[in-house]
Every structure is written in structure tokens, then in C-alpha cells.
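# Per-entry structural report
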Amino acid sequence: PTSSVAPSQVPSVLNVTLSPVPSSVPSEMPSISCFSEYELLAEAVTEAGSNGTGGVFTICPDTVFNLFVPPNSDVLPIVINASDTIIQCGTEGSRNENCVFLGGSRHFELAGSVTGVELKGLTFIGATDVSVGAFGSSNASATFDDCEWSGQDTSKASVLIYSGDKSTDSEVNLLPFVYRLYRN
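What counts and what doesn't
Residues numbered from 1 in each chain as written. Predicted model: local features only at pLDDT ≥ 70, side-chain atom pairs only at ≥ 80, totals over all residues. Heavy atoms only, no water. Helix = DSSP H or I, 4+ residues; strand = E, 2+ residues; numbered from the N terminus. Buried < 20%, exposed > 50% of the residue type's maximum accessible area, 1.4 Å probe, protein only. Core = buried A, V, L, I, M, F, W, Y, C linked by side-chain atoms within 4.5 Å. Contact = heavy atoms within 4.5 Å. Disulfide = S-S within 2.5 Å. Salt bridge = Lys/Arg side-chain N within 4 Å of Asp/Glu carboxyl O. Pairing = 2+ DSSP bridges. Axes fitted to C-alpha atoms, helices over the stretch in contact; angles between N-to-C directions. Polar contact = N/O pair within 3.5 Å; in protein donor to acceptor, adjacent residues only side chain to side chain. Phe/Tyr/Trp six-rings, centres within 6.5 Å; stacked < 30°, edge-to-face > 60°.

Its identity is not glycine, yet Asp62 carries a phi of approximately 60°, on the positive side. Assignment of secondary structure puts Asp62 in the loop between strand 1 (55–59) and strand 2 (63–66). Phi angles above zero are rare outside glycine, and Asp84 is one such case at about 60°. Residue placement: Asp84 occurs in the loop between strand 3 (78–80) and strand 4 (85–89). In this structure Asp84 comes out as exposed when scored by relative accessible area, which is 52%.

For the rest of this paragraph, the subject is the nonpolar core. The biggest cluster of nonpolar side chains holds 32 residues, and the ones touching the most others in it are Leu41, Ile87, Phe101, Phe108, Leu119 and Leu122. Looking at this core element by element, the count peaks at 6 residues for helix 1 (residues 38–51). If sequence neighbours within four positions are ignored, Ile87 has contacts with Val45, Phe57, Ile59, Ile80, Phe108, Glu118, Leu119, Lys120 and Leu122.

This brings us to the state of the cysteines. According to the stated counting rule, one finds 2 disulfides in the structure shown. One disulfide bridge connects Cys34 with Cys60, the sulfur atoms lying 2.0 Å from each other. The chirality of the disulfide connecting Cys34 with Cys60 is right-handed, given an S-S dihedral of about 90°. Separated by 26 residues along the polypeptide, Cys34 in the segment before helix 1 and Cys60 in the loop between strand 1 and strand 2 bring together distant segments of the chain. The class for Cys34 is partly exposed, based on a relative accessible area of 25%.

What follows is about the pattern of salt bridges. A full pass over the atoms with the stated rule returns 4 salt bridges. Of the charged contacts in the structure, one is a salt bridge between Arg106 and Asp129, with a shortest N-O distance of 2.3 Å. With Arg106 in the loop between strand 5 (99–102) and strand 6 (108–110) and Asp129 in the loop between strand 8 (122–125) and strand 9 (132–134), the pair connects residues that are 23 residues apart, well separated along the chain. Since its relative accessible area comes to 14%, Arg106 is described here as buried. Taking relative accessible area as the criterion, Asp129 reaches 15% and is therefore assigned buried.

Turning next to the sheet that holds strand 11 (residues 148–150). Ordered in space as 2-5-8-11, the 4 strands form an open sheet in which the pairing is parallel. Because the sheet does not close on itself, it has two edges, and the strands there are strand 2 and strand 11. Strand-to-strand twist in this sheet, taken as the mean axis angle between neighbours without regard to direction, amounts to 15°. As defined by bridge partners, strand 5 adjoins strand 8 across 4 bridges and the pair is classed as parallel. Across the sheet, residue Phe101 finds its bridge partner in strand 8, namely Phe124.

Quick look at the side chain of Glu148 now. Looking at where Glu148 falls in the secondary structure, it is placed in strand 11. Of note is the side chain of Glu148, whose polar atom sits 3.0 Å from the side chain of Arg95.

Scanning all chains against the criterion turns up 9 aromatic pairs. Seen in terms of ring centroids, Phe108 and Phe124 are 6.1 Å apart; in terms of plane orientation they differ by 85°. Their pairing is edge-to-face. With Phe108 in strand 6 and Phe124 in strand 8, this residue pair connects regions lying 16 residues apart in the sequence. Side by side, Phe108 and Phe124 carry an identical accessibility label, which is buried.

So, to be careful, I would describe these as geometric facts and stop short of saying anything about function.
Structure, rendered in C-alpha cells:
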């Protein structure tokens, strides 16, 4: 049997929200539009790296990854080993959306000869080692856009660059990196 509906009963706008699984997220993981759990973000970035796909990983606004609190107190940093990986706060990648990495030893590591890596709108507080370690080749590059570092509990730099032959801190050698609106 069929039924008919008068045109006045049909909504003029049909709101449908589709949440496709990004190619950088393994199919067995649930579809995630933004990350609010450190472990899920780390797993998705790791999976993208192992597939060599990169991708955009959005952290939910007003998220604090408290790496001081167990079980996170011994957590490993998020390793970025795929080019064209973007990790951003909210849809705009703005510090105004309050995405904070608090404590822990190291927040991120860049590995290999990755290029097109961007960290956008993130706040890093209180790392006990370097906040971001760049341990790839000298042709690797990354952009820190609207990021802030404060209260680093370390005698090292906030961003440590290692190009295979010598280690430098972020004050000495900024050539492989672009900083926009950087505050330390």
C-alpha cells in the first residue's frame, strides 16, 4: 500500500547530519567528529601514521588532557609519523576554544621526514621534558599556529629539534618550523 502526503505536510528543509568515518580512523573505531579522550586521539594519529595517510584530527573545544592524573601519568607522547597531519582545537584551530595538554613528560613527537604537519590552537602547560620533540630528518617540517606554551617544568626548550647530527632548542634553530602567534 502507498500513502500520499500533502505538500504542506512536507518540511521545506530536511536537516540530515552525516558523520563519515575519516580515512585516517580505522574502520573498527567509532565515528568521531572531535576527540575529548587522549587515548582515542593518540590511537587515531598512530593508525593514520601506520597507514601513511595523515589527516585532520579535531580536539573538542574546552578539552583538557590532564596527563598528571593516573592512568595518564605515564602516558607516551602522541607520535606523528605521517605527512599532512593536522591536529587542531575545534573546527577553527583556535586557542579561544581551549584545548589544553596539561603535564606529562612530552606531548608530541614528530618522527621521520614528515612535512605538512600543523598543530593549531593548542595550549601546552607543564611538560616535564620537552613539550614537542622533533626527532625526524632535517627535511621534516611543522607549523605551530596560534599555540601557547607556559609553565614548562623543564630545563629544556618547549620544542626540541633533532636532525640526526645535533640537537638544538627552539631558540637556536627555527628553520624547519613555522611559528604563528607563538607565545612561550
